[in-house]
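# Structural description and commentary
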Amino acid sequence: MIAAIGRTAISSAADVGTLTIQLWRSLLRLPTALPMVGRGRRWRTAVRQMMAIGVSALPVVALMSFCLGSVAALQAAAELRRYGATRYVVEFIAIAFTRELGAIITAIAVSGRSASAIAAEVSTMVVSQELDALRVMGLDPIEFTLAPKYLGALITLPCLTILSTFFGIAAGYCFLAASIDMTARVFVRDALASIMLRDVVLTLVKSLVFATIIVHVGYMEGLRVSGGPEAVGRGTTAAVVNATFLVILADLAATALFYILGWSAAG
Amino acid sequence: MTTNTVAAAREALISIRDVSVAYGGRRVLDGVSLDIHRGEIVALLGGSGSGKTTLLRRVIGLERPDSGSIMIGGVDLTACSEAELAVVRRKIGVAFQESALFSSLTVDENAALPIRELTDLADPIVAQMVWMKLKAVGLADAGRLYPRELSGGMKKRAAIARAIALDPDIVVLDEPSAGLDPIIAAGLDELILFLKRGFGMTVLVVTHALDSAFRIADRVAMLYQGSLITVGTPAEFKASTHVRVRQFVQGEPERLSDASEGFAASFLKEFHA
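In what follows, the accompanying structure is described. (Residues numbered from 1 in each chain as written. Chains lettered and ligands numbered in written order. Predicted model: local features only at pLDDT ≥ 70, side-chain atom pairs only at ≥ 80, totals over all residues. Heavy atoms only, no water.)

This part takes up the overall build of chain A. If you tally the helices and strands in chain A, you get nine helices and zero strands. Helices (α) and strands (β) of chain A occur, in sequence order from the N terminus, as α-α-α-α-α-α-α-α-α. Seen along its three principal axes, the alpha-carbon backbone of chain A occupies a region of about 70 × 55 × 35 Å. Out of the 267 residues belonging to chain A, those deemed buried represent 45%. Look at the contacts in chain A between residues 6 or more apart in sequence, and 83% of them connect residues 24 or more apart. With the model as given, the accessible surface of chain A reaches about 13200 Å², and the carbon-plus-sulfur share is 73%. In chain A, 21 side chains carry a positive charge and 15 a negative one; their mean positions are 5 Å apart. (Helix = DSSP H or I, 4+ residues; strand = E, 2+ residues; numbered from the N terminus. Buried < 20%, exposed > 50% of the residue type's maximum accessible area, 1.4 Å probe, protein only. Contact = heavy atoms within 4.5 Å. Areas by Shrake-Rupley, 256 points an atom, 1.4 Å probe, with all protein chains shown as cover. Lys, Arg positive; Asp, Glu negative; His and termini not counted. Charge placed at Lys NZ, Arg CZ, Asp CG, Glu CD.)

Written out as structure tokens, the structure reads:
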């Protein structure tokens, strides 16, 4: 029992170490994936990754956000209606999405799609010796395979978060327009009044943290795969589960930090 | 013996000295020493698990041995810095067993990758170099195809084209004929001979295909359980009286240990019952 706990602790600590080294090395290599300052046509790979990680996740993120926005509006209205305060649903939805839901919905959707995809792709490259081939050519696998993905995620996750927030709040408007005939003008005025720039900025910072977790956990689980096809399956599952868990853990840590620093207070 | 004295008089391009590797207490390579000279083709033979791939990964600098040294063109891979290793790597082209072509790139782009990344040559020159190499391996018409659209033999050829893209001194081929039919395999043998005759490259081929080794190699080396048991010309190799070499040449099955033989026998009995 104690030995099992110890083993888990050691392997978790080793994972944290691996992730930290990987993060540091990819940060050093990140500029190579940029246009103009980067190397050659490397930025095209980054653009492809933005398409894969970000653009193709647009529909699912939008739909999830709209549905969860509707759910949140209905739940809030069920309570607020009793006090004749249905119109405060606007504030509830706007605050919930700008502070929290936009970023977390995006992160969960992307970790489901991309952490697994990255793990599968990287493990295939390990099995087919493509990473070895890069190494013997004197090329850095981190620079070639990880940096473009990381850059792609860092750029697209904040964008998706903004989109998710927009769709969540739009769902709130649809509900209010249908139930209490709220006009768009009033809705937008109330919504803008309750959105604070600080909330938006902090949420976007969180989405950068989530992007980091998703890409790096996916990559690490992909590298770890050894053995046959069933190992690839296990690796992709581990990537999604661990990435999602770490995203939620990081969300808790960030929110607690903002709370302690007093950044989350209204007004 | 005579070949060894003649060989020793020439400069060794690759010099492997007393290389040992152990995984978790099990010796995978045990004091392997081998010199490979400029312009020769050496075939490294051995059964599965004999340590061929382990040795290969040390020679191309992917991993370092536990002890011993590997000198390539006068640089000790086991003791050099990453920067020195990068210089040595440019002199070595490697074609992996799984071809290891990048699936998101066409054959052209795969062969151009090392040139684009490691030199500052202009695009038209890169295109010329790539075309020459693809022509040499017989894939001049396949440049626009993606790896998944290639047959097994074409993949190996494309991998060789990428390996020789920067005109390396040394080409290392890991199981080039594995999984290919005899005609395609013979075609690859011709290509490997051309690397030596046409480009003057030094070739190390890791293989378990005897006929291919005899056809192309100037010298044949055989690994058995992590030790190099014989090195010599194909004629010397065929004439060897070493029991493991004879077994390999004649294709006899490995004697299983008594315990596993008992298991095999009982399994067969059950299977037939």
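Text resumes after the structure shown.
Let's shift gears to the packing of aromatic side chains. Residues and elements named next belong to chain B. All told, the structure shown has four aromatic pairs over all chains when counted by the stated rule. Pairing Phe 194 with Phe 199 gives two aromatic rings, centres 5.5 Å apart and planes at 70°, and the pair type is edge-to-face. A relative accessible area of 39% means that Phe 194 is categorised as partly exposed. Overall, the relative accessible area of 30% leaves Phe 199 in the partly exposed class. We note Arg 148 situated over the ring of Tyr 146; from NZ or CZ to the ring centre the distance is 5.1 Å. Geometry around Phe 214 places Lys 238 over its ring, the cationic atom sitting 4.7 Å from the centre. (Phe/Tyr/Trp six-rings, centres within 6.5 Å; stacked < 30°, edge-to-face > 60°. Lys NZ or Arg CZ within 6 Å of the ring centre and 35° of its normal.)

Bringing the interface of chain A and chain B into the picture now. Frequently, the measure chosen for interface size is the accessible area removed from exposure when the parts meet. The interface is formed by 17 residues belonging to chain A together with 20 residues belonging to chain B. Note on chain A versus chain B: buried area summed over both sides is about 1700 Å², and carbon and sulfur give 57% of it. The largest contributions to the chain A side of the interface with chain B come from Gln 129, Val 136 and Met 137 of chain A, which together make up 36% of the buried area. One salt bridge in this structure joins Asp 132 of chain A and Arg 57 of chain B, with 2.8 Å as the shortest N-O distance. Summed over the shared surface of chain A and chain B, the result is four residue pairs in polar contact (both at pLDDT 80 or more). Broken down by secondary-structure element, the contributors of at least two residues to the side of chain A that touches chain B are helix H4 (89-127) and helix H5 (130-136) of chain A. A total of six residues in the side of chain A that touches chain B trace back to one element, the largest contributor, which is H5 of chain A. A class-by-class count of the residues in the side of chain A that touches chain B yields eight nonpolar, three polar and six charged. (Buried area = accessible area lost by both parts, 1.4 Å probe. Salt bridge = Lys/Arg side-chain N within 4 Å of Asp/Glu carboxyl O. Polar contact = N/O pair within 3.5 Å; in protein donor to acceptor, adjacent residues only side chain to side chain. Nonpolar A, V, L, I, M, F, W, Y, C, P; charged D, E, K, R; others polar.)

Our focus in this paragraph is the nonpolar core. Ile 16, Leu 55, Ile 60 and Ile 72 of chain B are the most contacted members of the largest nonpolar core, which totals 96 residues. Considering every element that reaches this core, the biggest residue donor is H4 of chain A, with 16 residues. Those residues in contact with Ile 72 of chain B, other than ones at most four positions away along the chain, are Leu 13, Ile 14, Val 59, Leu 77, Val 88, Ile 92 and Ile 170 of chain B. By size, the runner-up hydrophobic cluster in this structure holds 35 residues, among which are Val 130, Ala 163, Leu 173 and Leu 188 of chain B. (Core = buried A, V, L, I, M, F, W, Y, C linked by side-chain atoms within 4.5 Å.)

Residue and element names in this part refer to chain A. Between helix H2 (residues 42-53) and helix H6 (residues 141-180), whose axes approach to 8 Å, the crossing angle comes to 50°. Classified by the interaxial angle, the pair formed by H2 and H6 is oblique. H6 is crossed by H2, and the crossing has right-handed handedness. Between H2 and H6, the contacting residues are Arg 42, Thr 45, Ala 46, Gln 49, Met 50 and Ile 53 on the first element and Glu 143, Phe 144, Pro 148, Lys 149, Leu 151, Gly 152, Ala 153, Ile 155, Thr 156, Leu 157 and Leu 160 on the second. Split by residue class, the contact of H2 with H6 holds ten nonpolar, four polar and three charged. (Axes fitted to C-alpha atoms, helices over the stretch in contact; angles between N-to-C directions. Parallel < 35°, antiparallel > 145°, perpendicular 65-115°, else oblique. Left-handed = near helix turned anticlockwise from the far one by under 90°.)

What follows covers the side chain of Arg 219 of chain B. Residues and elements named next belong to chain B. Take Arg 219: it is sitting in strand E9 (residues 219-224). On the basis of relative accessibility, which here comes to 8%, the residue Arg 219 falls in the buried class. A distance of 2.5 Å separates a polar side-chain atom of Arg 219 from the backbone oxygen of Asp 35. A polar contact is formed between the side chain of Arg 219 and the side chain of Glu 40, at a distance of 2.7 Å.

Let us look at the environment of Ile 192 of chain B. Residues and elements named next belong to chain B. Mapping Ile 192 onto the fold places it in helix H7 (residues 182-199). Once the C-alpha coordinates of Ile 192 and Ala 217 are considered, the two residues, 25 residues apart in sequence, prove to be 9.5 Å apart. Setting aside its immediate chain neighbours within four residues, Ile 192 contacts Ile 41, Leu 173, Pro 176, Val 203, Val 205 and Ile 216.

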